[in-house]
Amino acid sequence: MFMALLLDLANILGGFLLAVALLRRLPRVGDDLGRFAARVAPFGWVVGIIALVAGGYYLIVHLVSGPRPFHFEVVGIGVGLALLWDRLTGRPAPRTEAEGAATGVSLLLAVFGLIAMIVGFQGLFTPDG
């Protein structure tokens, strides 16, 4: 149960870090969300490792003992890979443009971040048994 909570929280926080390019554009709260993301961003690699470990653990458990792989762990692995991209490949991760508009791959990652946040909140309210 603790591992499931870690996976859900990693999906929520990792999704937030990925989606901040879109969330900054929200009126009234975008600047505050951007400042919070700037404070949390240095620890994004920790969230990525937690998402990879928890997602990989549940993927292996559900592949071996069933019932089937769920979208929670697949999204968690995707969040972990996206947050650790520059550390795994040695190439810089896609960033937003200078004027703050998310385009191309950064827009795709931001939309994936929104999906990861939704999946994380869904996982909080889904029974583990």
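Data block above holds the structure.
Residue indices follow the written sequence of each chain, beginning from 1 at its first position. This being a predicted model, a pLDDT of at least 70 is required before a residue's local features are given, and a value of 80 or more before pairs of side-chain atoms are given or counted; all residues contribute to the totals for chains, interfaces and linings. Here the side-chain values reflect all heavy atoms present in the structure, with hydrogen atoms and water set aside.

Caption draft 1: Quick peek at the packing of helix α1 (residues 2-23) against helix α6 (residues 105-124). It is the contact of α1 with α6, at a shortest axis distance of 7 Å, that shows an interaxial angle of 150°. One way to sum up the angle between α1 and α6 is to call them roughly antiparallel. Regarding α1 and α6, the two cross each other, and that crossing is left-handed. Of the residues contributing to the contact of α1 with α6, the split by class is 19 nonpolar, 5 polar and 1 charged. A fitted line through C-alpha atoms represents every axis, and for helices the fit uses only the stretch in contact; the resulting angles, taken between N-to-C directions, go from 0 to 180 degrees. The helix count covers DSSP runs of H or I at least four residues long, the strand count covers runs of E at least two residues long, and both are numbered beginning at the N terminus. Roughly parallel refers to an angle under 35 degrees, roughly antiparallel to one over 145, roughly perpendicular to one between 65 and 115, and oblique to any angle outside these ranges. The hand of a helix crossing depends on one turn: near helix anticlockwise from the far one by less than a right angle means left-handed, and clockwise means right-handed. Under the convention adopted here, Pro, Cys and the residues Ala, Val, Leu, Ile, Met, Phe, Trp and Tyr are nonpolar, Asp, Glu, Lys and Arg are charged, and Gly plus all remaining residues are polar.

Caption draft 2: Geometry of a nonpolar patch on the surface. Here a patch means residues that are over 30% exposed by relative accessible area and free of salt bridges, tied together within 9 Å if like-charged and within 5 Å if nonpolar (Val, Leu, Ile, Met, Phe, Trp, Tyr). Here the accessible surface of atoms and residues is derived via Shrake-Rupley with a 1.4 Å probe, and residues count as covered only by protein chains that are part of the display. Any carboxyl oxygen of Asp or Glu that lies within 4 Å of a side-chain nitrogen of Lys or Arg is treated as forming a salt bridge with it. Residues Phe-2, Leu-5, Leu-9, Phe-121, Leu-124 and Phe-125 make up a contiguous nonpolar surface patch of about 640 Å² in total accessible area. Those elements that place two or more of their residues in the nonpolar patch are α1 and α6. The dominant element in the nonpolar patch, judged by the number of residues it contributes, is α1, at 3 residues. Within the secondary structure, Leu-9 sits in helix α1. Judged by relative accessible area, Leu-9 falls into the partly exposed class, the value being 42%. Each residue's exposure class comes from its accessible area (1.4 Å probe, protein chains only) as a fraction of the maximum for that residue type: buried when under 20%, exposed when over 50%, partly exposed otherwise.

Caption draft 3: The arrangement of the packing of α1 against helix α3 (residues 44-65) in detail. Running from amino to carboxyl end, α1 crosses α3 at an angle of 135°, the nearest separation of the two axes being 8 Å. Relative to α3, the element α1 lies oblique. Crossing geometry of α1 relative to α3 is assigned as left-handed. Packed against α1, whose contacting residues are Met-3, Ala-4, Leu-6, Leu-7, Ala-10, Leu-13, Gly-14 and Leu-17, the element α3 presents Gly-44, Val-47, Ile-50, Ala-51, Val-53, Ala-54, Gly-55, Tyr-57 and Tyr-58 at the interface. Grouping the amino acids of the contact of α1 with α3 by side-chain chemistry returns 14 nonpolar, 3 polar and no charged. In this description, contact between two residues means that some pair of their heavy atoms is separated by no more than 4.5 Å.

Any functional reading would require information that these geometric values do not contain.
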